[in-house]
Amino acid sequence: FFPFLENGKTSSIKNIQSTGFYPIIKTLVEQDSCKAIITHVKSTADSISILFDKEVMSPKVFHIPMGIAAPSWQKVTSEKNREPLSPKFLISNSWHQSPGNFYLRGGLESVKAFAEIKADFPNAELVIRAKLPPDLPEMFHDIIEKCDIRVIDEFLPADEWEALKLSMNFFLIPSARIHIVSMLEAMAYGMILVASDGWAIDEYATDGLDAVLVEGRKKVSHVDSSSGILSEDYSSMYRVDSEIVQQIVTKVTSLILNPKQQDAVRLEARKAIDEKYSIEKFNTRLREILDYV
């Protein structure tokens, strides 16, 4: 529905059918010339049948789990930091590098949690691969300086980005909602994914098995089961949620102190990539759908 609706500003929509743009979109997607809608989020596939005529839409809505290319596991393990009490954390932005996305990806809670973790593990390191928002509160600049956090806010060549991902232990993204490439890359590169219960994240990651998921983002983003609308209100992402901070600190500290459990989570995450989220599986399914159409 973009540009009529924007991510993060949909929680006030109660009856989308009464809007002026809805019948236009409905006509476009239900007509015969719209052959297929392909989505990597099952929640989206399910909601489309609620938003529009189910009998018309269900046969042409296809869900394909996202797939990514992954480095060899041998390369990942050979370059991974094996010092359990010297954990390395990574925060990154989306490909578009909009500074404001630092907030939406849980940057505030991530930095606060790292500061607490570093107090107990002085050798811990954090790299922020993002442009910081110009309105970032001063206290966070103080934390960045005090905790010797490295900020990479300019262009990073692909080989250096690759090396950085291979060297990190934890990927912090307690975000408002799913960020699929970032999440799957973390799992593929042997970083423990620290994400949230925001919309659609649990389709790809399971807390305690192949990731660390913290609670508190469902109030920010979820699908309204009656209307099919992805209800989002990002306003709370611009201030620290102390409960999320403490969940990160508790769960990550437990893993730092238990290297065997760290390895188990990493192995399960990589297993998921290889068995369910490979680029080969994605392309095979995409080919089948295009051939069918």
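What this report covers is the structure whose coordinates are included nearby. Since this is a predicted model, take the numbers as computed values, not measurements.

**A short note on the environment of Thr19**
Reasoning step 1: Along the polypeptide, Thr19 turns up in the segment before helix H1 (22-30).
Reasoning step 2: Taking the relative accessible area as the measure of exposure, Thr19 reaches 18% and is therefore buried.
Reasoning step 3: Sequence-wise, Thr19 and Phe4 are 15 residues apart; in three dimensions their C-alpha atoms are separated by 9.6 Å.
Reasoning step 4: Here the side chain of Thr19 touches Tyr22 through a polar contact of 3.4 Å, landing on its backbone nitrogen.

**Here we look at helix H11 (residues 259-276)**
Reasoning step 1: Over its 18 residues, H11 runs 25 Å from end to end, which matches the ideal 26 Å to within 8%, given 1.5 Å per residue.
Reasoning step 2: Of all the residues in H11, the buried ones are Gln262, Val265, Arg266, Ala269, Arg270, Ala272 and Ile273. In a view along the axis of H11, the buried residues occupy a sector of 150°, so they form one face of it.

**A look at the environment of Gln17**
Reasoning step 1: Turning to its location among the elements, Gln17 is positioned in the segment before H1.
Reasoning step 2: Using a relative accessible area of 40% as the deciding quantity, one classes Gln17 as partly exposed.
Reasoning step 3: Between the alpha carbons of Gln17 and Asn7 there is a distance of 18 Å; along the sequence they are 10 residues apart.
Reasoning step 4: Leave out the neighbours within four places in its chain, and Gln17 touches Tyr22 and Leu51.

**Some details on the environment of Ser167**
Reasoning step 1: Tracing the backbone through its elements, the reader meets Ser167 in helix H8 (residues 158-167).
Reasoning step 2: The spatial distance from the C-alpha of Ser167 to the C-alpha of Ser182 is 16 Å, given a sequence separation of 15 residues.
Reasoning step 3: A polar contact is formed between the side chain of Ser167 and the backbone oxygen of Leu164, at a distance of 2.9 Å.

**Quick notes on the sheet that holds strand E4 (residues 125-129)**
Reasoning step 1: Spatial strand order, E5-E4-E3-E6-E7-E8: six strands in an open sheet with parallel pairing. A single partner strand is all that each edge strand has here, and the edge strands are strand E5 (150-152) and strand E8 (212-214). For this sheet the average axis-to-axis angle between neighbouring strands, irrespective of direction, equals 20°.
Reasoning step 2: Where strand E3 (residues 88-92) meets strand E6 (residues 170-172), two bridges bridge the pair, whose relative direction is parallel. Considered in E6, the bridge of Phe89 is made with Phe170.
Reasoning step 3: Its contacts with the sheet put H8 on E3, E4 and E5, and the angle it makes with E3 is roughly 135°.
Reasoning step 4: Relative to the sheet, helix H9 (residues 180-188) contacts E3, E6 and strand E7 (192-196), its axis offset from that of E7 by approximately 150°.

**Concerning the side chain of Ser221**
Reasoning step 1: In this structure, Ser221 sits in strand E9 (residues 221-223).
Reasoning step 2: Separated by 3.0 Å, the side chain of Ser221 and the backbone nitrogen of Trp199 make a polar contact.
Reasoning step 3: If near-sequence neighbours (up to four positions away) are discounted, Ser221 is found in contact with Ala176, Arg177, Gly198, Trp199, Ser231 and Glu232.

**Regarding unusual backbone geometry**
Most peptide bonds are trans, and most residues other than glycine sit at a negative phi.
Reasoning step 1: Of note, the amide linkage connecting Phe2 to Pro3 takes the cis form, showing an omega dihedral of 15°.
Reasoning step 2: Tracing the backbone through its elements, the reader meets Pro3 in the segment before H1.
Reasoning step 3: In this structure, Gln97 takes a positive phi of about 60° despite not being glycine.
Reasoning step 4: Along the polypeptide, Gln97 turns up in the loop between E3 and helix H5 (101-104).
Reasoning step 5: Phi at Asp148 is positive, roughly 55°, even though this residue is not glycine.
Reasoning step 6: Mapped onto the fold, Asp148 is located in the loop between helix H7 (138-146) and E5.

**Section: the packing of helix H6 (residues 107-120) against helix H10 (residues 242-256)**
Reasoning step 1: H10 packs onto H6 with a crossing angle of 50° between their chain directions and a minimal axis gap of 9 Å. Classed by the angle they form, the pair H6 and H10 counts as oblique. In this structure, the crossing between H6 and H10 has a hand that is right-handed. Contacts from Glu109, Lys112, Ala113, Glu116 and Ile117 of H6 reach H10 at Ile244, Val245, Gln246, Ile248, Val249, Val252, Thr253 and Ile256.
Reasoning step 2: Partitioning the contact of H6 with H10 into residue classes produces eight nonpolar, two polar and three charged.

**Some words on H10**
Reasoning step 1: When the terminal C-alpha atoms of H10 are compared, their 21 Å separation across 15 residues agrees well with the 21 Å that a helix rising 1.5 Å per residue should span.
Reasoning step 2: Structurally, H10 contributes buried residues whose contacts are with E3, H6, E6, E7, E8 and H11.
Reasoning step 3: Between a side-chain oxygen at the N-terminus of H10 and the backbone nitrogen of Glu243 the separation is 3.0 Å; the capping residue is Asp241.

**Some thoughts on the packing of aromatic side chains**
Reasoning step 1: Tallied over the full model, the rule gives 10 aromatic pairs.
Reasoning step 2: Clustering of aromatic rings is evident, with ring pairs tying together Phe1, Phe4, Phe21, Tyr22 and Phe52.
Reasoning step 3: Above the ring of Tyr189, the side-chain terminus of Lys165 is found at 4.4 Å from the ring centroid.

Rules used in this analysis
Residues numbered from 1 in each chain as written. Predicted model: local features only at pLDDT ≥ 70, side-chain atom pairs only at ≥ 80, totals over all residues. Heavy atoms only, no water. Helix = DSSP H or I, 4+ residues; strand = E, 2+ residues; numbered from the N terminus. Buried < 20%, exposed > 50% of the residue type's maximum accessible area, 1.4 Å probe, protein only. Polar contact = N/O pair within 3.5 Å; in protein donor to acceptor, adjacent residues only side chain to side chain. Expected span 1.5 Å × (residues − 1). Arc of directions from axis to C-beta. Contact = heavy atoms within 4.5 Å. Pairing = 2+ DSSP bridges. Axes fitted to C-alpha atoms, helices over the stretch in contact; angles between N-to-C directions. Parallel < 35°, antiparallel > 145°, perpendicular 65-115°, else oblique. Left-handed = near helix turned anticlockwise from the far one by under 90°. Nonpolar A, V, L, I, M, F, W, Y, C, P; charged D, E, K, R; others polar. Phe/Tyr/Trp six-rings, centres within 6.5 Å; stacked < 30°, edge-to-face > 60°. Lys NZ or Arg CZ within 6 Å of the ring centre and 35° of its normal.

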